Amino acid sequence: MSQKNETLPLILSLLVTLLLLAGGIWWFGRNLGFGGVGIGQGGSSSTSSPGQGGGAGRVGDRLSTGAQLLFPEGASPQKQAAVQALANRDYQGAIANLEASLQANRNDPEALIYLNNARIGDQNSYTIAVAVPTAASANSALEILRGVAQAQDEVNRAGGIDGVPLKVMIVNDDNSPDVTPQVAEALVKDRSVLGVIGHFGSDATLAAAPVYEAGRLVMISPTSTSVQLSGAGQYIFRTVPSDRFTAAALSRYMLERLRVQRAAVFYNSQSAYSTSLKNEFTTAVFSDGGQVVGEFDLSAAGFDSVASFDQAAQQGAEVLVLAANTATLDPALQVVAINRRRLPILGGDSLYNPRVLQVGGESAVGMVVAVPWILLADPNAPFVRSSRQYWGGDVNWRTAMAYDAAIALIKAISIGKTNRAAIAESLRSNEDTIEGATGVVRFLPSGDRNQAMQLVEIVPSQSQFGYSFYPVSQP
């Protein structure tokens, strides 16, 4: 029997498994469980929220400091009552209801943000915004919000920024390049907003960056890694390392630890993140003495995982590199299944995903993924301990990077006050030490984070999935 005939039932089985697991993964991603990891770019969506649908509706309906729910699904009656109270400026009623809602569901960052905003009431405050895809990718949005909510709560409990409390505005941007410039324009015009944390995907962030730069409003992305964002402007920063750092880490692992020379790369040509990672990895490998023997577009019409794997093997590939984004995770998992651990697999941060563990299963064991931060690398760090107290479980790198972005903005506001230009200058100068969740936060002249990536490996475990990501041991 030919290999294609052998693998056809495997592919069909994988597709059926994906459908059966979709409901379970969606439910689990809404809870902390797997280190707080959600679905990521283009992942599961919740029920409709204000402004959902690629720019439909008023931009103002996408912005909220508490007068509307941006995560309506599963909202407790107390949370719904609190939002109504905030709309009526009944701050004491809102506080009581939000405290009750958090008692029942402590890992709800939207509720914690609204609670802090309600406690501020009509007092003078500093305001920052956090732009997330509340409907298009609710799990990842919640992960980011947990980092911002924790930073806001900590600074306000400590007395605010030089005595002035911090208010947070949540923005739903659908992770859409069509929407992000619109919300960026609205935030630029709102002079109370002193900085923005976001956006999520690289395409969405790149679309918004020129608006922030022209409007002289700081934007710090915790999750956008495309190298195209480097040097985008004096007001554009990110706390997540760029794809150049990811590519360097994967290239070194391939050549020095695996001791192989030839790679085949699977990527999404329609994604700025995926294309950036593919290009940077190719450059890094060639510079280090290796080569990329094949490139395969996971987003191509009629992509054939069997034929692509066969072609990669025929071209002499010794390792497979998955530069997939979440939108192309399913065809990437088909490649994992077809491979059946015959060749080692490396991946970018989008592969740090519970679906890879549950759907990839035994075929994914040994896969090495580059991430900006992993809790298990330093499980007793202060941020790890405090985040567990806040959320009742472990958080992932998106939460940590969002926390770092919020801490950086808080520090810059303490220096620049309400002067947006001074806030940007403070971030660029690196004059003051910013201690974040993942260490000292420093920005290169390009606005990039100066921090190496960490490598994790999929190993069998006693976890819910039967497999876990674990830090790669040092040589």
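Residues numbered from 1 in each chain as written. Predicted model: local features only at pLDDT ≥ 70, side-chain atom pairs only at ≥ 80, totals over all residues. Heavy atoms only, no water.

Undergrad: I would appreciate a short explanation of the overall build of the protein chain in the present structure.
TA: From N to C terminus, the protein chain includes 15 helices and 15 strands. Expressed as a percentage of its 475 residues, the buried residues of the protein chain come to 61%. Long-range contacts, defined as pairs at least 24 residues apart, comprise 70% of the intrachain contacts of the protein chain with a sequence gap of at least 6. (Helix = DSSP H or I, 4+ residues; strand = E, 2+ residues; numbered from the N terminus. Buried < 20%, exposed > 50% of the residue type's maximum accessible area, 1.4 Å probe, protein only. Contact = heavy atoms within 4.5 Å.)

Undergrad: How should I be thinking about the sheet that holds strand β8 (residues 291-297) in this particular structure?
TA: Adjacent strands of a sheet pair through backbone hydrogen bonds, lying either parallel or antiparallel. Spatially, the seven strands line up as an open sheet ordered β8-β7-β9-β10-β11-β14-β15, and their pairing is mixed. Every other strand in the sheet has two partners, leaving β8 and β15 (467-471) as the edge strands with one partner each. Along the sheet, successive strands turn relative to each other by an average axial angle of 25°, direction set aside. The sheet contacts of helix α11 (residues 329-339) involve β7 (262-267), β9 (319-323) and β10 (345-347), and relative to β9 the element is tilted by about 165°. (Pairing = 2+ DSSP bridges. Axes fitted to C-alpha atoms, helices over the stretch in contact; angles between N-to-C directions.)

Undergrad: Quick question: what am I supposed to make of the nonpolar core here?
TA: Among soluble globular proteins, nonpolar side chains are generally buried collectively. In terms of nonpolar packing, the biggest core is built from 110 residues, with Val130, Val218, Phe266, Leu320, Leu322, Met367 and Trp373 touching the most fellow members. Here this core gets 13 residues from one element, more than from any other, and that element is helix α14 (residues 397-416). When near neighbours in sequence (up to four residues on either side) are disregarded, valine 130 contacts Ile144, Leu145, Val148, Val168, Met169, Ile170, Val171 and Ile197. Core analysis: the second largest hydrophobic core is formed by 25 residues, Leu250, Val260, Val265 and Phe281 among them. (Core = buried A, V, L, I, M, F, W, Y, C linked by side-chain atoms within 4.5 Å.)

Undergrad: Whenever I open this one, the environment of phenylalanine 266 confuses me. Can you help?
TA: By the secondary structure assignment, phenylalanine 266 is in strand β7. Exposure remark for phenylalanine 266: the relative accessible area of 0% places this residue in the buried category. As for phenylalanine 266 and leucine 320, which are separated by 54 residues in sequence, their C-alpha atoms are 7.6 Å apart. When sequence neighbours within four positions are dropped, the list of residues in contact with phenylalanine 266 reads Phe296, Leu298, Phe303, Ser308, Leu320, Val321, Leu322, Ala323, Ala324 and Val335.

Undergrad: How should I be thinking about the packing of aromatic side chains in this particular structure?
TA: A ring pair, where both rings are aromatic, is described by two values, the distance of the centres and the angle of the planes. The final tally for this structure, using the stated rule, is seven aromatic pairs. When the ring of phenylalanine 266 is compared with that of phenylalanine 303, the centres are 6.5 Å apart and the planes differ by 90°; the resulting orientation is edge-to-face. Here phenylalanine 266, found in strand β7, pairs with phenylalanine 303, found in the loop between β8 and α10 (305-314); they are 37 residues apart in sequence, far enough to count as distant. Geometrically, the ring pair formed by tyrosine 352 and phenylalanine 469 is tilted, given 4.6 Å between the ring centres and 40° between the ring planes. Note that tyrosine 352 is positioned in the loop between β10 and α12 (354-360) and phenylalanine 469 in strand β15, a separation of 117 residues in sequence. The exposure classification of tyrosine 352 matches that of phenylalanine 469, with both residues buried. Three or more aromatic residues link up through ring pairs in this structure, and these residues are Phe266, Phe296 and Phe303. (Phe/Tyr/Trp six-rings, centres within 6.5 Å; stacked < 30°, edge-to-face > 60°.)

Undergrad: Help me understand helix α3 (residues 91-104), please; the structure alone is not making it clear to me.
TA: Note: α-helices contain 3.6 residues per turn, so residues at a spacing of three or four share the same orientation. Between its first and last C-alpha, α3 extends 20 Å over 14 residues, near the 20 Å set by a 1.5 Å rise per residue. Those residues of α3 lying buried are Tyr91, Gly93, Ala94, Ile95, Leu98, Ser101 and Leu102. (Expected span 1.5 Å × (residues − 1).)

Undergrad: Any chance you could explain helix α2 (residues 77-87) here in plain terms?
TA: Of all the positions in α2, only Lys79, Ala82, Val83, Ala85 and Leu86 are classed as buried. Mapping the buried residues of α2 onto a view down its axis gives an arc of 160°, with all of them on the same face. In this structure, the buried side of α2 is in contact with α3 and α4 (109-120). Of the residues flanking the end of α2, it is arginine 89, one or two places downstream, whose phi is positive at about 60°. (Arc of directions from axis to C-beta.)

Undergrad: I keep staring at the packing of α10 against α11 and nothing clicks. Help me out?
TA: Helix packing geometry: the angle between the two helix axes and the distance between the axes. Interhelical geometry of α10 versus α11 gives an angle of 60° and a closest axis separation of 9 Å. With respect to α11, the axis of α10 lies oblique. Both α10 and α11 take part in a crossing whose hand is right-handed. Touching Ser305, Val306 and Phe309 of α10 are Gln334, Val335, Ile338 and Asn339, all from α11. A per-class count over the contact of α10 with α11 returns four nonpolar, three polar and no charged. (Parallel < 35°, antiparallel > 145°, perpendicular 65-115°, else oblique. Left-handed = near helix turned anticlockwise from the far one by under 90°. Nonpolar A, V, L, I, M, F, W, Y, C, P; charged D, E, K, R; others polar.)

Undergrad: Just to check I follow, could you spell out the pairing of β8 for this structure?
TA: Look at any regular strand and the pattern is simple: side chains alternate between the two faces of the sheet. Most of β8 is tucked away: five of the seven residues are buried. Relative to β8, β7 runs parallel, the two sharing six bridges. Note on β8: the bridge partner recorded for phenylalanine 266 is phenylalanine 296. A crossover connection joins β7 to the parallel β8 through helix α9 (residues 272-288); in handedness this β-α-β unit is right-handed. (Right-handed = clockwise from strand over helix to strand, strands pointing away.)

Undergrad: Would you mind going over the sheet that holds strand β4 (residues 193-197) with me for this structure?
TA: The strand order across the open sheet formed by six strands is β1-β3-β2-β4-β5-β6, and the pairing between neighbours is mixed. Edge positions in the sheet fall to β1 (63-64) and β6 (236-238), since each of these pairs with one other strand and no more. Bridge count for β1 against strand β3 (residues 166-172) is two bridges, and the pairing is antiparallel. Looking at the pairing, serine 64 lines up with isoleucine 170 of β3. In the packing of α4 onto the sheet, contacts are made with β1 and β3, and the angle to β3 comes to roughly 135°. Across the sheet, helix α15 (residues 420-429) lies against β4, β5 (219-221) and β6, angled at about 45° from β6, the strand it touches most.

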